[in-house]
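# Summary of the model geometry
Residues per chain, in single letters:
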Amino acid sequence: MKIKIFIARMLTISLIGKILSYFYNDKIPFRGMVFNTSIPEISPATKAELFWKIYESAEIRFIQKYLPESFDVIELGSSIGVVSSLIRKRLYKNACLICVEAHPALSRHIPVNLNLNRLYHNVECLNMAINYNKKSNNNVFFTPGHLSTTGRLTCGNPQHNSIMVKAVTLFELKSAYHINDFVLIADIEGEEVYIIRQDREALRDCQHIFFELHNTTYAGVPVSVDDMLKELIDIHGFYLQDRHDNVVYLNRNTGTIAK
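Here's what I pulled together on the structure shown here. (Residues numbered from 1 in each chain as written. Predicted model: local features only at pLDDT ≥ 70, side-chain atom pairs only at ≥ 80, totals over all residues. Heavy atoms only, no water.)

## Remarks on the packing of aromatic side chains
To keep things clear, this is the line we draw: Any two rings among Phe, Tyr and Trp, with Trp reduced to its six-membered ring, count as a pair given centres within 6.5 Å; such a pair is stacked if its planes are under 30 degrees apart, edge-to-face if over 60, and tilted if neither. In this description a helix means any DSSP run of H or I spanning at least four residues, a strand means any run of E spanning at least two, and both kinds are numbered starting from the N terminus. Only protein chains enter the accessibility calculation, which uses a 1.4 Å probe. A residue is then buried if its area is under 20% of the maximum for its type, exposed if over 50%, and partly exposed in between.
If you walk through the whole model with that rule in mind, you get nine aromatic pairs. Pairing Phe-30 with Tyr-55 gives two aromatic rings, centres 6.3 Å apart and planes at 85°, and the pair type is edge-to-face. Taken as a pair, Phe-30 in strand β1 (residues 27-30) and Tyr-55 in the loop between α3 (44-51) and α4 (57-66) lie far apart in primary sequence, 25 residues in all. A relative accessible area of 1% places Phe-30 in the buried class. Both rings, one in Tyr-66 and one in Tyr-249, keep their centres 4.7 Å apart while their planes meet at 10°; by these two values the pair is stacked. With Tyr-66 in helix α4 and Tyr-249 in strand β15 (residues 247-251), this pair connects stretches of sequence that are 183 residues apart. As far as burial versus exposure is concerned, Tyr-66 and Tyr-249 are alike and both buried. A network of ring pairs unites the aromatic residues Phe-23, Tyr-24, Phe-51 and Trp-52 as a single cluster.

Here it is as structure tokens:
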């Protein structure tokens, strides 16, 4: 395992990403598709991860194996639209995909990559952030991380590079787009704890969940990945079907795997 981690780190160093970016003119091939990586918010490391097919590998593997084609999908933390494109490619044409991304530049880039792969149909791309703080005045601050897949939200004390973003809840999203039974796919850097603990009404209609869970805090108290997983099972009635580290797939049917 340590050898694999070392190799992965060497393959994704900044120099390798810059060489790949130059060679492919910022159109990086990935799993039968091509992704535009020309905006400055996409790091050389991310470009290298795409080329070597290690970008969000566990999440993508679960989606390709288990995502049901007929459900509407709400994807939280869509980043540059790579996973979004794989989702849209798998879904039936009449199924809807809602992509939510807090970083404005990345949110604007999602349609670029969907269009590049001829997948921009029945898709809504929203520059919003999941947030349940009633004192936020419907806005939160998003602070970008060093990679396109990282970033943090706060309702106060913004940093110098923080960006104000419209806040939304999962229930508000599904209500706005008249979504009933749906699939939830989320990688939102710990904010998933608020969905799990404050949006039971929305989760009631959720039939499948693909989560990248993160150790976080809630009301100042540490919450672990296993804590959240236990709540999804014991409180919300999901069944764990597959797991790789902190990436999990759950559905409503015990012992039943989506085909």
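## What about the pattern of salt bridges?
Just so we agree on the cut-off: Here, a salt bridge means any Lys or Arg side-chain nitrogen found within 4 Å of an Asp or Glu carboxyl oxygen.
Throughout the structure, instances matching the rule amount to five salt bridges. Between Lys-174 and Asp-205 there is a salt bridge, with the nearest N and O atoms lying 2.9 Å from each other. Here Asp-205 lies in the loop between α9 (200-204) and β11 (206-212) and Lys-174 lies in helix α7 (residues 170-176), a separation of 31 residues in the sequence.

## Things to note about helix α10 (residues 225-234)
Basically, it comes down to this: The arc under discussion is defined with respect to the helix axis, by the directions toward the C-beta atoms. Residue contacts are counted whenever heavy atoms from the two residues lie within 4.5 Å of one another.
Along α10, the residues that are buried comprise Val-225, Met-228, Leu-229, Glu-231 and Leu-232. All buried residues of α10 fall inside an arc of 160° around its axis, so they share one side. At its buried positions, α10 is contacted by α8 (192-198), β11, β12 (216-218), β13 (221-223), β14 (239-244) and β15.

## A closer look at the packing of helix α2 (residues 14-23) against α3
Rule in force here: In this analysis an axis means a line fitted to C-alpha atoms, helices contributing only their contacting stretch, and an angle means the value between N-to-C directions, from 0 to 180 degrees. Each angle receives one of four descriptions, namely roughly parallel if under 35 degrees, roughly antiparallel if over 145, roughly perpendicular if within 65 to 115, and oblique otherwise. Ten residues, namely Ala, Val, Leu, Ile, Met, Phe, Trp, Tyr, Cys and Pro, are considered nonpolar, four, namely Asp, Glu, Lys and Arg, are considered charged, and the remaining ones, Gly among them, are considered polar.
Packing of α2 against α3 leaves a shortest axis separation of 7 Å and a crossing angle of 70°. Classified by the interaxial angle, the pair formed by α2 and α3 is roughly perpendicular. Contacts between α2 and α3 involve Ser-14, Ile-16, Gly-17, Lys-18, Leu-20 and Ser-21 on the former and, on the latter, Pro-44, Lys-47, Ala-48 and Phe-51. Here the contact of α2 with α3 is composed, by residue class, of five nonpolar, three polar and two charged.

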